[in-house]
Amino acid sequence: MTDALLRIEDLRTVFRSSSGDIAVVDGVTLDVPRGKTLGIVGESGCGKSMLSLSIMRLVPQPGRIAQGRVMLEERDLAALSSAEMRAVRGSEIAMIFQEPMTSLNPVHSIGDQITEAMRAHDPKASDAELQERAIEALRRVRIPSPERRFAEYPHQLSGGMRQRVMIAMALSCKPRLLIADEPTTALDVTVQAQILDLLRELQQETGMSVILITHDLGVVAEMVDEVAVMYAGRVVERGTAKDIFEDPQHPYTIGLLGSIPRIEEDRERLLSIDGSVPPPFAFPKGCRFNPRCPFAIRACTETDPPLRELSPGHRAACIRAPVELAVDIAA
Amino acid sequence: MSATVQDLAAPVPAEAEVAPPRRPGTFARLMREPVAAIAFVLTMVIIVSAVLAPWLAPTDFFHNDLAQAMAVPGTEGLPLGADAQGRDMVTRLLYGMRMTLMMAVAAVALGGVLGAMVGFAAAFYRRADAALMRVMDVMLSFPAILFGLALAAIFGPGLLAVVLATAVATVPLMARIVRGAALGVMAQDYIEAARSTGMSDARIIWRHVAPNCLSSIFVFTTLRFGQVILLGSALSFLGLGAQPPTAELGAMASEGRNFLFFAPHIAIIPSLAIFAIVLVFNLLGDALRDALDPKLRV
């Protein structure tokens, strides 16, 4: 894990409110390995989308990055001027969003929108050249007859096609990092699989790194090399996909895994984690997961555990790890 | 209705997937409404006759025949009569419309562009929003007539004063309309997506925000056009606007006022023209709003 393309160091993103700053991303340290896929997993409200927007420096008002560094190789993105950051967006880091239905502007043809995105980073290119590159981008995301699609408008395309267009747009400037924020959540299952396959193929072709943000552990199992589990604005567990699925150490991860139906098990009820993620202004004292944790002991309400290395590359933020928690819960 | 049922029952043609049937465009929907169609045609007639005034006018602009002074409409060779200087009312009316429309176009264009810029800036840069919109509120609280008086005092009465006064009165209204429309667009995902591709703010506004605000801008412009004509005519009527011998509808009505009892047509004809133009533009604006409103689309 030494070869990181992006290294997030102690990042804290806060929203200003009348009762002081509220941290939605709170002290996250995370490496994104070069050429691999990192999955960021967690429930709604755990800060995973805010983390990705922080990387892009697109946190909506009144939010801001209060502390920490986002190192893209040698450069700290958090310290760039907004013009320098704009040059990074799209060309070095690109993003695709959850809602392909609304992420394209209805008044422009998709070809226009792709060429527009490319023009932002290549103002000197001629229209003909951009058009050719846009059609090539559409072809790369396996859109049939891209020449014709080029002139079509978003309403003429299905959700899956639109997500392909979004991917084509994101990849049109050959970014080194693609952030995919729940790219398949709004799509139906068969289309989901196609889009995920496409993302994987494109990653292998281009060698880019991918951050895949999702709450769907099935997607994670299928797609990613490494996983970061987020809870309440923090990374609570970090490891390879194998570590996380076969030997989860944080009770939250265990809970998430327990809530997936398994075809080989004959269980009446799925496990669930009681309650929901506390809102950022009401994080409990000590470990933020302690009120929902079946393994919580008194110490958990007193100390906030840092990420601890349990085995090489596998870290968890739990004072009770490593106990064989998984065994307890399966019983 | 039966046609619709038939359409539904008809087998889907093979090309349906390739080229989905086009929804009738805005213009087609506009023309389906009789009132809208009439308003549109009349607008075109007004614009064309104003533009072509020098060619359509039966007499030269400066031609007068004092023997025909205050001739009533219907007099031989003078279908709308003549004014106090014996000038053909048809000529005066055509040139007057031309001047009034030019004034309104200039005022709406100037005020509209400035207002739209303020509105986009306020919607896009939320920090500047409160400050910009309070300035607009202050401008809104100034009566345009008062502002016209002040400008006439500075520049001397003339069309420039009228155009500037009505333009200034248009800025805050346009700013509010555009800000409201732009705020709605700014909340759309494609704005965030555009930002994530590294587009500059100006390009995002121009390429993504503005086109989606166009229908609001279009409707407001049409409605405002009628109001500006009324306002400009009022200023001219007060003697702040067009000066003789320039023909301008408000100024013509003002001149005719002196003869209201012996030759009422001199004041009534330009007044009716103002009335007709404003009415037609308002009808067109209303119809456009309906035609452009996606919720009312059938």
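These numbers come from a predicted model, not from an experiment.

1. A short note on the pattern of salt bridges
Residue and element names in this part refer to chain A.
So, point 1. Counted under the stated rule, the structure contains 33 salt bridges over all chains.
So, point 2. A salt bridge links Arg139 to Glu136; the shortest N-O distance between them is 3.2 Å. Pair noted here: Arg139 and Glu136 are both in helix α4 (residues 127-140), with a separation of 3 residues, about one helical turn.
So, point 3. Overall, the relative accessible area of 39% leaves Arg139 in the partly exposed class.
So, point 4. Counted as one network, the salt bridges with shared partners bring together Arg12, Asp26, Arg234, Arg288 and Asp304.

2. Topic: the confidence of the model for chain A
Predicted coordinates in regions of low pLDDT should not be interpreted in detail.
So, point 1. On average, residues of chain A score 84 in pLDDT, and 93% of them reach the 70 mark or higher.
So, point 2. Residue range residues 326-331 of chain A is modelled with pLDDT below 50. Its contacts to residues more than four positions away, or to other chains, number 4 contacts.

3. Quick word on the domain arrangement of chain A
Residues and elements named next belong to chain A.
So, point 1. Looking at chain A, the domain boundaries give domain 1 (4-92 + 175-330) and domain 2 (105-173).
So, point 2. Inter-centroid distance (C-alpha atoms) of domain 1 to domain 2 is 30 Å.
So, point 3. Roughly 1,200 Å² of surface becomes buried between domain 1 and domain 2 when both sides are summed, with 65% attributable to carbon and sulfur atoms.
So, point 4. Summed over the shared surface of domain 1 and domain 2, the number is 2 salt bridges.
So, point 5. One salt bridge connects Arg142 with Glu205, and the closest N-O pair in it is separated by 3.4 Å.
So, point 6. Where domain 1 touches domain 2, the interface holds 5 residue pairs in polar contact (both at pLDDT 80 or more).
So, point 7. The biggest single contributor to the side of domain 1 that touches domain 2 is helix α7 (residues 189-206), with 9 residues.
So, point 8. Of the residues belonging to the side of domain 1 that touches domain 2, the class tally is 11 nonpolar, 4 polar and 4 charged.

4. Considerations on the interface of chain A and chain B
So, point 1. Opposite the 30 residues of chain A that make contact, chain B presents 19 residues.
So, point 2. Between chain A and chain B, the buried area comes to about 2,000 Å², and carbon and sulfur atoms account for 54% of it.
So, point 3. Put simply, chain A and chain B have 2 salt bridges between them.
So, point 4. Between A:Glu116 and B:Arg203 there is a salt bridge, with the nearest N and O atoms lying 2.5 Å from each other.
So, point 5. Inspection of the chain A/chain B interface yields 9 residue pairs in polar contact (both at pLDDT 80 or more).
So, point 6. When contributions to the side of chain A that touches chain B are tallied by element, the ones reaching two or more residues are α1 (48-56), β6 (93-96), α3 (110-119) and α6 (159-171) of chain A.
So, point 7. For the side of chain A that touches chain B, the element with the highest residue contribution is α3(A), accounting for 5 residues.
So, point 8. When grouped by side-chain class, the residues that make up the side of chain A that touches chain B number 13 nonpolar, 9 polar and 8 charged.

Basis of the calculations
Residues numbered from 1 in each chain as written. Chains lettered and ligands numbered in written order. Predicted model: local features only at pLDDT ≥ 70, side-chain atom pairs only at ≥ 80, totals over all residues. Heavy atoms only, no water. Salt bridge = Lys/Arg side-chain N within 4 Å of Asp/Glu carboxyl O. Helix = DSSP H or I, 4+ residues; strand = E, 2+ residues; numbered from the N terminus. Buried < 20%, exposed > 50% of the residue type's maximum accessible area, 1.4 Å probe, protein only. pLDDT = per-residue confidence, 0-100. Contact = heavy atoms within 4.5 Å. Domains from an automatic or database assignment. Buried area = accessible area lost by both parts, 1.4 Å probe. Polar contact = N/O pair within 3.5 Å; in protein donor to acceptor, adjacent residues only side chain to side chain. Nonpolar A, V, L, I, M, F, W, Y, C, P; charged D, E, K, R; others polar.

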